Amino acid sequence: MADENKIFQVEIITPNRIFYKGESTMVEFNTVEGKLGVYKKHIPVTTVLAPGIVRIHKEGEEDRIAAIHSGFAEILPDKVTFLAEIAEWPEEIDKARAKAAMERAKARLEGKEEGVDLKRAEFALHKALVRMDIGE
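This one's a predicted model, so the numbers in the text were calculated from it and none came from an experiment.

(A) A look at the side chain of S70. When you line up the elements, S70 lands in strand 7 (residues 64–76). Setting aside chain neighbours within four positions, we find S70 in contact with L49, A50, P51, L83, A84, E85 and F123.

What follows is the structure, given as structure tokens:
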């Protein structure tokens, strides 16, 4: 059983649903500034999420993992809240669709077409790669 002094609340909220609500002893995720790991009693921080995998740890249980694509995280001493545009469990990801999106994004980045929004293509590629990674 996890030490109650280490447990804090985690919520992942998307525009469509409360994706996850539960307890954790540590949560790991990607921000635009790099990877971040949070334990209970972390200093308050608000940060911008980058596409990546969120890993929710709880002692004595298997880690929960999900893909999160852009949004914000609010870190408080006893709670972490993710406000994400998209959050997906591994079983919700369509691997064939993710692979097709990855190939489209790569083609846009490698092509010399005018008017291609490179930042948007890079973001699409990153999202597709996250989906491919977590879907395996």
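Picking up after the structure, the text goes on.
(B) Spotlight on the nonpolar core. Within the largest apolar cluster, 20 residues are counted, with the highest numbers of intra-cluster contacts made by I12, V27, F29, V54, I68 and F82. Residue assignment for this core shows that the elements contributing at least two residues are strand 1 (8–13), strand 2 (18–24), strand 3 (26–31), strand 6 (52–57), strand 7 and strand 8 (79–88). Apart from residues no more than four positions distant in its own chain, V27 is found in contact with F8, L36, G37, V38, V54, R55, I56, H57, V80 and F82.

(C) Broad picture of unusual backbone geometry. Although it is not a glycine, K41 sits at a positive phi angle of roughly 70°. Topologically, K41 is positioned in the loop between strand 4 (34–38) and strand 5 (45–49). Judged by its relative accessible area of 65%, K41 is exposed. Backbone geometry places S70, a non-glycine residue, at a positive phi of 60°.

(D) Spatial organisation of helix 1 (residues 95–110). Here helix 1 spans 22 Å end to end across 16 residues, near enough to the 22 Å set by a 1.5 Å rise per residue. Those residues of helix 1 that sit buried are A98, M102 and A105. The buried side chains of helix 1 occupy one side of the element, clustering within an arc of 70° when seen end-on. Among the exposed residues of helix 1, those oriented more than 90 degrees off its buried face are A96, R97 and E110.

(E) Here's a closer look at the side chain of T47. Position of T47 among the secondary structure elements: in strand 5. According to the relative accessible area criterion, T47 is buried, its value standing at 12%. Other than its neighbours up to four places away in sequence, T47 contacts F29, T31, G71, F72 and A73.

(F) View of the packing of aromatic side chains. This structure, assessed with the given rule, holds three aromatic pairs. Ring centres of Y20 and W89 lie 6.1 Å apart, and the angle between their planes is 75°; this geometry places the pair in the edge-to-face category. Of this pair, Y20 sits in strand 2 while W89 sits in the loop between strand 8 and helix 1, and the two are 69 residues apart along the sequence. Each member of the pair, Y20 as well as W89, is classed as buried. Aromatic rings pair up to connect F19, Y20 and W89 into one cluster. Across the ring face of W89, the terminal group of R64 is positioned such that the distance to the ring centre comes to 4.2 Å.

(G) The arrangement of a positive patch on the surface in detail. Taken together, the side chains of R97, R104, R108 and R120 define a basic patch exposed on the protein surface. If one sorts the elements of the positive patch by residue count, helix 1 sits on top with three residues. Considering the arrangement of structural elements, one finds R108 in helix 1.

Definitions and limits used
- Residues numbered from 1 in each chain as written.
- Predicted model: local features only at pLDDT ≥ 70, side-chain atom pairs only at ≥ 80, totals over all residues.
- Heavy atoms only, no water.
- Helix = DSSP H or I, 4+ residues; strand = E, 2+ residues; numbered from the N terminus.
- Contact = heavy atoms within 4.5 Å.
- Core = buried A, V, L, I, M, F, W, Y, C linked by side-chain atoms within 4.5 Å.
- Buried < 20%, exposed > 50% of the residue type's maximum accessible area, 1.4 Å probe, protein only.
- Expected span 1.5 Å × (residues − 1).
- Arc of directions from axis to C-beta.
- Phe/Tyr/Trp six-rings, centres within 6.5 Å; stacked < 30°, edge-to-face > 60°.
- Lys NZ or Arg CZ within 6 Å of the ring centre and 35° of its normal.
- Patch = residues over 30% accessible without salt bridge, like charges linked within 9 Å, V, L, I, M, F, W, Y side chains within 5 Å.
- Areas by Shrake-Rupley, 256 points an atom, 1.4 Å probe, with all protein chains shown as cover.
- Salt bridge = Lys/Arg side-chain N within 4 Å of Asp/Glu carboxyl O.
- Lys, Arg positive; Asp, Glu negative; His and termini not counted.
- Charge placed at Lys NZ, Arg CZ, Asp CG, Glu CD.

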